[in-house]
Amino acid sequence: MKTFSGRRTRILAATTATAGLVLVAACTSTGNGGSGSKTAAGGVQLVKAGQLTTCTHLPYPPFQSEINGKVQGFDVSLIDLVAKDLGVKQQILDTPFENFKTGAFLNSGECDVAAAGMTITAERKKNVDFSDPYFDATQALLVDKNSGITSLADAKAKKVKLGAQAQTTGEDYAKKQGFDPVSFESSDAVLNGLRTGQVKAVIIDYPVVQGWLKDKANADKFKVADNLNTGEQYGFTVKKGNTKLLAAVNKAIKDAKADGTYKKLYEKWIGPYNPAAASPSPAAS
């Protein structure tokens, strides 16, 4: 996801898991905000009193995006569960994606947790602590129905101009397969690149494609030419050593899978539920 030096970090505040989030400011605030203790339930230390501050990168449906003026999605709903357990409300900061790889906003005290549909990798683990996996992901090759492209191998043989979201595992995968992908800043830009003919095919997380194809106009025009099982799992991140918050995040994920909440949120935001998604699995290495 490309970023620009003049981009401003946006602050978005959560209300509840069902009501969603509303935009409340247009620049980063570094003050303590509110009053009272920064210690939440379970002794979890927060960067700002009374709120769980989450870094994300918009848009990335169905995990987080603005819908009717509110930031909503699968990640948002899961982190709302963490905030509820801590007795606070979630507030979201829309930040450049490279911060998730380096942990910059966690280390600087801007955010408590990062949630951005982020794949757990050994390289990223050097900078942040990952939660237990909360989603098993695959990549998809999306093409125009009239393109004649039947698979990734076919796209490569035809030397198709391919697009991907910058600084993502999808882009990394495309490069490993021998492509020189056109990089787009956001998932919306990826889809627009395909729509406008800037590229003939795109590689991006399959759940994102699922969300796009819920729109009839997209479903009529595009198709999945290949499903690419890359063995990826998503995790939320906290600052290295923040064991109490990490434990709270893991507990919320475990409880949601056990009591049926995870299944409901999965079906709401992603699609037909795959029971394997809720089975215990170790963090990817």
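Residues numbered from 1 in each chain as written. Predicted model: local features only at pLDDT ≥ 70, side-chain atom pairs only at ≥ 80, totals over all residues. Heavy atoms only, no water.

### Digging into the overall build of the protein
- Scanning the protein from terminus to terminus reveals eleven helices and 14 strands.
- Looking at the 285 residues of the protein, the share that counts as buried comes to 51%.
- About 12400 Å² of surface is accessible on the protein, with carbon and sulfur atoms providing 51% of the total. (Helix = DSSP H or I, 4+ residues; strand = E, 2+ residues; numbered from the N terminus. Buried < 20%, exposed > 50% of the residue type's maximum accessible area, 1.4 Å probe, protein only. Areas by Shrake-Rupley, 256 points an atom, 1.4 Å probe, with all protein chains shown as cover.)

### Focus on helix α1 (residues 74-86)
- Helix length check: α1, at 13 residues, gives a terminal C-alpha distance of 19 Å against a target of 18 Å (1.5 Å per residue), a fit within 8%.
- Within α1, ten of the 13 residues are buried, which leaves the element mostly enclosed by the surrounding structure.
- Inspection of α1 places Phe74, Asp75, Val76, Ser77, Leu78, Ile79, Asp80, Val82, Ala83 and Leu86 among the buried residues, and these make up the whole buried set.
- Gly87 sits one or two residues past α1 and shows a positive phi near 75 degrees. (Expected span 1.5 Å × (residues − 1).)

### Looking at the nonpolar core
- Leu52, Phe74, Leu86, Phe135 and Phe236 are the most contacted members of the largest nonpolar core, which has 47 residues in total.
- Elements supplying a minimum of two residues to this core: α1, β9 (135-144), α7 (187-195), β12 (201-205), α8 (206-213), β13 (222-234), α10 (243-259) and α11 (261-269).
- If one sorts the elements of this core by residue count, α10 sits on top with seven residues.
- Once residues within four sequence positions are removed from consideration, Phe74 is found in contact with Pro62, Phe63, Tyr134, Phe135, Tyr262, Leu265, Tyr266, Trp269 and Ile270. (Core = buried A, V, L, I, M, F, W, Y, C linked by side-chain atoms within 4.5 Å. Contact = heavy atoms within 4.5 Å.)

### Thoughts on the sheet that holds β12
- Spatially, five strands are ordered β11-β10-β12-β9-β13 in an open sheet, and the strand pairing comes out mixed. The outermost strands of the open sheet, each flanked by one partner alone, are β11 (182-184) and β13. This sheet shows a mean twist of 25 degrees between the axes of neighbouring strands, independent of strand direction.
- In this structure, strand β10 (residues 162-165) lies alongside β12, joined through three bridges in parallel fashion. Paired with Gly163 across the strands is Val202, a residue of β12. (Pairing = 2+ DSSP bridges. Axes fitted to C-alpha atoms, helices over the stretch in contact; angles between N-to-C directions.)

### Observations regarding the state of the cysteines
- Using the criterion set out here, one finds one disulfide in the structure.
- A sulfur-sulfur separation of 2.0 Å characterises the disulfide bridge that pairs Cys55 with Cys111. Disulfide Cys55-Cys111: torsion about the S-S bond near 65 degrees, hence right-handed. A residue pair is termed long-range when its members are at least 10 positions apart, and Cys55 in strand β3 (residues 51-56) and Cys111 in the loop between α3 (104-107) and β7 (113-114) qualify at 56 residues. (Disulfide = S-S within 2.5 Å.)

### Considering the pairing of strand β6 (residues 89-94)
- Of all six residues making up β6, five are buried, and the element is well covered by its neighbours.
- As paired elements, β3 and β6 share six bridges and run parallel to each other. Residue pairing across strands places Thr54 opposite Ile92, the latter belonging to β6.

### Let's talk about the pairing of β12
- Burial of β12 is extensive: five of the five residues sit out of reach of the surface.
- As defined by bridge partners, β9 adjoins β12 across five bridges and the pair is classed as antiparallel. When the bridges of β12 are listed, Val143 appears paired with Ala201.

### A short note on the packing of aromatic side chains
- Within the structure shown, the criterion is met by 13 aromatic pairs.
- Measuring from centroid to centroid gives 5.5 Å for Phe74 and Tyr262, while their planes differ by 80 degrees, and the two rings are edge-to-face. Of this pair, Phe74 sits in helix α1 while Tyr262 sits in helix α11, and the two are 188 residues apart along the sequence.
- In this structure Phe74 comes out as buried when scored by relative accessible area, which is 0%. (Phe/Tyr/Trp six-rings, centres within 6.5 Å; stacked < 30°, edge-to-face > 60°.)

### Focus: the packing of α1 against α10
- For the pair α1 and α10, the least separation of the axes is 9 Å and the interaxial angle reads 115 degrees. What the angle tells us is that α1 and α10 run roughly perpendicular. In the crossing of α1 with α10, the sense of the turn from one axis to the other is right-handed. The segment α1 lies against α10, with Leu81, Val82, Asp85 and Leu86 engaging Leu245, Ala248, Val249, Ala252 and Ala256.
- When the residues that make up the contact of α1 with α10 are grouped by side-chain class, the tally is eight nonpolar, no polar and one charged. (Parallel < 35°, antiparallel > 145°, perpendicular 65-115°, else oblique. Left-handed = near helix turned anticlockwise from the far one by under 90°. Nonpolar A, V, L, I, M, F, W, Y, C, P; charged D, E, K, R; others polar.)

### Here we look at the pattern of salt bridges
- Applying the stated rule across the entire model yields seven salt bridges.
- In this structure, Asp255 engages Lys251 in a salt bridge whose closest nitrogen and oxygen atoms are separated by 2.7 Å. Placement of both Asp255 and Lys251 in helix α10 is noted, with a separation of four residues, approximately one turn of the helix.
- Classification of Asp255 by relative accessible area gives partly exposed; the value is 30%.
- Since its relative accessible area comes to 47%, Lys251 is described here as partly exposed. (Salt bridge = Lys/Arg side-chain N within 4 Å of Asp/Glu carboxyl O.)

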